[in-house]
Amino acid sequence: MVSLIVHDEWDVCSPRTNTHFFFILVAQQSMNGTEVLRIVDAIHRDKSIEKEIVFSGIEAAILSAARKHYGEEREAVIQIDRATGEVSAKIDGNPLDSDELGDLLGRIAAQTAKQVMIQKIREAERDAVYDEYLELRSFLVNGAVARADHGVTSVNLGKIEAILPKSEQIPGESHRVGDRVRAVVLDVRKAGSRVKVVLSRTHADLVRRLFEVEIPEVADRVIEVRSLAREAGYRSKVAVSCYDTNIDAVGACVGVRGSRIKTIVDELDGERIDIVRWNDSLQILIPNAMQPAEVEDVILCPMLGRVIVLVRDDQLSLAIGKKGQNVRLASKLVGWDIEVMTQDELDEQLERSVAAFSQIPPVTEDLAESLVSQGFFSFEDLSVIEPDDLQELSELSPEICAQIVEHAEVESEREELEADKRKALEREARRVEREAAELDAMTGQSLDGEPALDGEPAEAEATKQEAAKSESTAEDDSSSSKEAPKADGEPSSEELAASKETTPAEVTATQDETAAEQDEKQQPENES
């Protein structure tokens, strides 16, 4: 008869599981159903595989051996009693006795059955791992970095190694072998005989799961994270609400002196987190989402799903944020398109839109104002309006409404082409400026075309240029004075210079002549 015996020389397990289970079907003289049940139970407990799957695998293994022994053209049926473990086999409808069943499972047939059983167990083990991690999608898992190669990090989760791609890592972070990593399961899929698990540290669910881990009120569902918007590595906005009016939802998430939120920020590599209060009213929620900017007014445009937020001039840059980050995250948080304007910008936009819509032949000024009041500021906005909605606003016929929408589509395409041309011209201008700058850097030419000295500051160069200009101006003045004609009787410049230039001998002779003249004058006075 047939018996199932466990041996320690054939590995049917994946090397990563570090578990060993081996078996072989051998022919013996007595059938032991208890042994079959014992092995099925051992595989079930060791591999977490359903018993029915193990029974099916054993039946498939014996069936494969029967076809190899009797031929593929024979009809073979193998059944194992789930209660007693007894094996029964039929070939072309004829049951096999104990001796024939023993001949069926000879050594060569046992090798075939072994391979089939190994494959079945591996497939069942793969399916079990797949189902386990499929339930963990969007949940937090912990692991250790096994290796990092070209930005792709492999994380050991225990039963399996998951992959943390470079695109799913927080910008600027790096991992070393042995580091502990917390991430959410992004995707689980089967890859041949293996299961591929993809992790993410940039997904918004990571912030949500960290809130549940670090803040007990969130884990107990006393505080609920109603909405979340994230730009990984830079900033996140989290809207929270509390069912208990005695609990401050924002304060509980921040913690004493920021202790709770600081732990989350450190895990996210210094990412900034804004916690705001959730409110079902958009008039209250949007100003909260736009923090730290102060909002003057909120105008809702339900037909377009757009919100116009009015702020003061000094709050405009703060409301928009760096590269539009604040308004972009606020828009994701509330689920509406947010457009930030000042009151003056809104007034100018209204005037331009009314004037543009009034140029459409069927549109009157009142209809144009009505469209603008609903948030339709451009032909692109008007081109997406439903004809039924336009008919309700204007009370015009469906044909005229379709004509208005068609005209708006044409104008929208024209404006789009003009915008593309302007962008192309701007790109070309920037390219020319960049090439000119690169050319100047390569040739080392200064602004006046003379080669600039290495390491010479620009200010010193400019000072030299100004000095050279002043010297040239002085030379021009002197040359013009030489070329000017002299008046009659006026000494020339050479004569003046000669008169000023006297030697010491000439000075002494002049003094002697003056003394002699005084003596001659005094002699007649003495004689008298």
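Keep in mind it's a predicted model, so treat the numbers as computed, not measured. (Residues numbered from 1 in each chain as written. Predicted model: local features only at pLDDT ≥ 70, side-chain atom pairs only at ≥ 80, totals over all residues. Heavy atoms only, no water.)

**Structural notes on the overall build of the protein**
Here comes step 1: When you go through the protein residue by residue, the secondary structure sums to 19 helices and 16 strands.
Here comes step 2: Per-residue burial for the protein yields a buried fraction of 35% across its 528 residues.
Here comes step 3: Within the protein, contacts between residues at least 6 apart in sequence are counted, and of these 57% link residues at least 24 apart.
Here comes step 4: As displayed, the protein has an accessible area near 32,100 Å², and 48% of this comes from carbon and sulfur atoms. (Helix = DSSP H or I, 4+ residues; strand = E, 2+ residues; numbered from the N terminus. Buried < 20%, exposed > 50% of the residue type's maximum accessible area, 1.4 Å probe, protein only. Contact = heavy atoms within 4.5 Å. Areas by Shrake-Rupley, 256 points an atom, 1.4 Å probe, with all protein chains shown as cover.)

**Describing the packing of aromatic side chains**
Here comes step 1: Applying the stated rule across the entire model yields one aromatic pair.
Here comes step 2: Seen from their ring centres, F357 and F379 are 5.7 Å apart, and the 75° between their planes marks the pair as edge-to-face. Here F379 lies in helix α14 (residues 379-383) and F357 lies in helix α12 (residues 343-358), a separation of 22 residues in the sequence.
Here comes step 3: Since its relative accessible area comes to 1%, F357 is described here as buried.
Here comes step 4: Taking relative accessible area as the criterion, F379 reaches 6% and is therefore assigned buried.
Here comes step 5: Above the face of the Y130 ring, K190 is positioned so that its terminal group lies 5.0 Å from the ring centre. (Phe/Tyr/Trp six-rings, centres within 6.5 Å; stacked < 30°, edge-to-face > 60°. Lys NZ or Arg CZ within 6 Å of the ring centre and 35° of its normal.)

**What to know about helix α13 (residues 365-373)**
A turn of α-helix holds 3.6 residues, and therefore any two residues three or four places apart point the same way.
Here comes step 1: Of the positions making up α13, those classed as buried are L367, A368, L371 and V372. Each buried residue of α13 lies within a common arc of 135° when the element is viewed along its axis, so the set occupies one face.
Here comes step 2: The elements touched by buried residues of α13 are α12, α14, α15 (387-394) and α16 (398-443). (Arc of directions from axis to C-beta.)

**A closer look at the state of the cysteines**
Here comes step 1: If you walk through the whole model with that rule in mind, you get zero disulfides.
Here comes step 2: The thiol sulfur of C253 is not disulfide-bonded, and the nearest other cysteine sulfur, from C242, lies at 9.0 Å. (Disulfide = S-S within 2.5 Å.)

**Quick word on the sheet that holds strand β13 (residues 272-277)**
Here comes step 1: Pairing within the open sheet is mixed, and its three strands lie in the order β11-β12-β13. Edge positions in the sheet fall to β11 (223-231) and β13, since each has one partner strand and no second. Ignoring strand direction, the axes of neighbouring strands in this sheet form an average angle of 20°.
Here comes step 2: Sheet analysis places β11 next to strand β12 (residues 235-242), joined by eight bridges and oriented antiparallel. (Pairing = 2+ DSSP bridges. Axes fitted to C-alpha atoms, helices over the stretch in contact; angles between N-to-C directions.)

**Quick look at the confidence of the model for the protein**
Here comes step 1: Per-chain confidence: the protein averages 77 in pLDDT, with 74% of residues scoring 70 or above.
Here comes step 2: This stretch, residues 451-460, has a pLDDT under 50; its non-local contacts, to residues over four places away or in other chains, come to six contacts. (pLDDT = per-residue confidence, 0-100.)

**Focus on a negative patch on the surface**
Here comes step 1: Side chains of E380, E406, E409, E413, E415, E416 and D420 sit close together on the surface and give a patch of like negative charge.
Here comes step 2: Element by element, the count of residues in the negative patch is highest for α16, at six residues.
Here comes step 3: Among the secondary structure elements, D420 is positioned in helix α16. (Patch = residues over 30% accessible without salt bridge, like charges linked within 9 Å, V, L, I, M, F, W, Y side chains within 5 Å. Salt bridge = Lys/Arg side-chain N within 4 Å of Asp/Glu carboxyl O. Lys, Arg positive; Asp, Glu negative; His and termini not counted. Charge placed at Lys NZ, Arg CZ, Asp CG, Glu CD.)

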